[in-house]
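Structural characterization, general
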Amino acid sequence: VLRPFHNLSSGINAEYGGISETEILLPELLKQAGYRSKIIGKWHLGHRPQYLPLRHGFDEFFGSSNCHFGGDDVKTPNLPVFRNEKMIGRYYTNFTIEHGLSNLTVLFIQEALSFIESQAKAENPFFLYWTPDANHQPAYASQAFHGKSRRNSAYGDSVMEVDYGVGVLLNTLKQLEIEQNTLVFFSSDNGAEGIAKQSGGSNGPLLCGKQTTFEGGMREPGIAWWPGTIAPGKVTHQLGTTMDLLVTSAGLAGVPLPRDRIYDGMDLMPILTGETENIERPVFYYRGNEMFAVRVGRYKAHYWTWTHAHYHFCPGQYVKNVTTPDQTNCTAHPIVFNIERDPGEKYKIMRGSEYNAAMELIT
């Protein structure tokens, strides 16, 4: 079970609007070891037939090619919902979302339970990519959670229901007695959306949010669960990315990685099991095709900054010459922060001995 720490690369073919046919996805690798794979929820790697999940290694698909964009009064066709490669309806029209109410997360939970139970009964190894989109604006929850969150908002309700859904899936693994043979990883694709304000999440002390390469946009929770293999309550400060999950999962399945390409990810198992304390590695922060920042260890250097002149993705936050509304080139003298000491990226390291040491490490 897996749900797409730092999310930095998509493999999207910008010219055609979908995943490049040269990319090799995790379910394609796992198929070599007899795994059956299913994606439930948001795909977001292209909507045309050649880009859909079953063309890229997945055996089953229930969900949509993107999020449930729109409002309560949608008068134009909304995004299609698929079962495998067949369109079975559209958001709002056939799968209703009205004033923060929808049973879509209930359906996503039921689909996951059915898949897990069927694979366990058949004693098949399996890969489940569970990506509910209830937290995306406009957020929604089912009647059981509607108006129940302390935030008294559709977003708070949606978080409660997704949290409940994760609990249901973990309990099912225990009931089927396969939890000690199953790695579960929970994360997200980006930080909270600052421009949503009270209608969205919070990135706490981190700077900015979704759409930016500041920590509020790129740093997400990374929670690994594997009873009997990963000790509960353990916290690691290892810098990781969702790209590591491909390498980690392929290693666990005993599948060799194709040798015709370079991999940005690394195997996280030595970290997760406590065998290794920390592996120092660079992490590159991209926006589109432009590398905006690089982090190595405690230091992060911004080569470009941007918060958007119109939307401004950092409401209520301002750091001089850092939260720039226009895309600003800082490559001549990158802006450097000590992320361990200053995770909010508020205090630039002035040029001097620490700045020079940080840039020598990064470059």
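Structure: see above.
Here's what I pulled together on the structure shown here.

Quick notes on the rules
Residues numbered from 1 in each chain as written. Predicted model: local features only at pLDDT ≥ 70, side-chain atom pairs only at ≥ 80, totals over all residues. Heavy atoms only, no water. Helix = DSSP H or I, 4+ residues; strand = E, 2+ residues; numbered from the N terminus. Rg over C-alpha atoms; globule rule 2.2 N^0.38 Å. Buried < 20%, exposed > 50% of the residue type's maximum accessible area, 1.4 Å probe, protein only. Areas by Shrake-Rupley, 256 points an atom, 1.4 Å probe, with all protein chains shown as cover. Lys, Arg positive; Asp, Glu negative; His and termini not counted. Charge placed at Lys NZ, Arg CZ, Asp CG, Glu CD. Phe/Tyr/Trp six-rings, centres within 6.5 Å; stacked < 30°, edge-to-face > 60°. Lys NZ or Arg CZ within 6 Å of the ring centre and 35° of its normal. Core = buried A, V, L, I, M, F, W, Y, C linked by side-chain atoms within 4.5 Å. Pairing = 2+ DSSP bridges. Disulfide = S-S within 2.5 Å. Axes fitted to C-alpha atoms, helices over the stretch in contact; angles between N-to-C directions. Salt bridge = Lys/Arg side-chain N within 4 Å of Asp/Glu carboxyl O. Contact = heavy atoms within 4.5 Å. Expected span 1.5 Å × (residues − 1).

As for the overall build of the protein chain
- The helix and strand inventory of the protein chain stands at seven helices and 16 strands.
- On C-alpha atoms alone, the protein chain measures out to a radius of gyration of 21 Å, which is about the 21 Å that the 2.2 N^0.38 rule sets for 363 residues.
- Taking the principal axes of the C-alpha coordinates as reference, the protein chain spans close to 60 × 50 × 40 Å.
- Across the 363 residues in the protein chain, those meeting the buried criterion constitute 49%.
- A total accessible area of about 18,300 Å² is found for the protein chain, and carbon and sulfur atoms account for 50% of it.
- Treating the 32 positive side-chain charges of the protein chain as one cloud and the 37 negative ones as another, the clouds have centres 4 Å apart.

Some remarks on the packing of aromatic side chains
- Evaluated as defined, the whole model comprises 11 aromatic pairs.
- Each ring, one from Phe62 and one from Phe108, has its centre 6.0 Å from the other, and the planes form 70°; the classification is edge-to-face. Of this pair, Phe62 sits in strand S5 (residues 60–64) while Phe108 sits in helix H2 (residues 104–122), and the two are 46 residues apart along the sequence.
- Between Tyr311 and Phe313, the aromatic rings sit 6.2 Å apart at their centres with planes inclined by 20°, giving stacked as the arrangement.
- A residue is classified by how much of its surface remains accessible, and Phe313, at 7% relative accessible area, is buried.
- Ring-pair connections join several aromatic residues into one group, and the members of that group are Trp43, Phe58, Phe127 and Tyr129.
- The side chain of Lys300 reaches across the aromatic face of Tyr285, ending 4.2 Å from its centre.

Notes on the nonpolar core
- Counting 26 residues, the largest nonpolar core has Tyr91, Phe108 and Trp130 as its most contacted members.
- Elements with a contribution of two residues or more to this core: H2, strand S8 (126–131) and helix H3 (154–175).
- The greatest single-element share of this core, amounting to seven residues, is contributed by H2.
- Core analysis: the second largest hydrophobic core is formed by 20 residues, Leu29, Leu45, Phe127 and Val255 among them.

Observations regarding the pairing of strand S7 (residues 86–90)
- Across four bridges, strand S6 (residues 80–83) lies against S7 in antiparallel orientation. Counted as the bridge partner of Val81 is Gly89 from S7.
- Between S6 and S7, which pair antiparallel and follow one another directly, the connecting turn spans two residues, one of which, Asn84, has a positive phi of 60°.

Quick notes on the state of the cysteines
- Counting across every chain of the model gives one disulfide.
- Paired by a disulfide, Cys208 and Cys314 hold their sulfur atoms 1.9 Å apart. Residues Cys208 and Cys314 share a disulfide whose torsion about the S-S bond is about 100°; that sign makes it right-handed. Of this pair, Cys208 sits in the loop between strand S9 (184–186) and helix H4 (215–218) while Cys314 is found in the loop between strand S14 (304–305) and strand S15 (328–329), placing the two residues 106 residues apart along the sequence. By the burial criterion, Cys208 is buried, and Cys314 matches it.

Overview of the pairing of S5
- Burial of S5 is extensive: five of the five residues sit out of reach of the surface.
- Pairing between strand S4 (residues 36–42) and S5: five bridges, direction parallel. In the sheet register, Lys38 faces S5, and the bridge partner there is Glu60.
- Bridge count between S5 and S6: three bridges; the pairing is antiparallel. Along S6, the bridge assignment pairs Gly63 with Phe82.

What to know about helix H5 (residues 244–253)
- For H5, the buried fraction is high: eight of the 10 residues fall into the buried class.
- Just downstream of H5 lies Gly254, where phi reads positive at about 75°.

Digging into the sheet that holds strand S11 (residues 282–287)
- The four strands lie next to each other as S11-S12-S13-S16, forming an open sheet whose pairing is antiparallel. Across the chains shown, the open sheet's two edge strands, defined by having one partner strand only, are S11 and strand S16 (335–338). This sheet shows a mean twist of 20° between the axes of neighbouring strands, independent of strand direction.
- Strand direction decides the pairing type here: strand S13 (residues 299–302) and S16, joined by four bridges, are antiparallel.

Comments concerning the side chain of Glu161
- One can find Glu161 in helix H3.
- There is no salt bridge for the buried Glu161, and the closest opposite charge comes from Lys148, which lies 10 Å off by N-O distance.
- Apart from residues no more than four positions distant in its own chain, Glu161 is found in contact with Thr105, Val106, Ala141, Ser142 and Phe145.

Some thoughts on H3
- Here H3 spans 31 Å end to end across 22 residues, near enough to the 32 Å set by a 1.5 Å rise per residue.
- The complete set of buried residues in H3 reads Tyr155, Gly156, Asp157, Ser158, Glu161, Val162, Gly165, Val168, Leu169, Leu170, Thr172 and Leu173.
- Elements that come into contact with the buried residues of H3 comprise H2, S8, S9 and strand S10 (223–225).
- With its phi angle positive at about 60°, Glu177 sits one or two positions after the end of H3.

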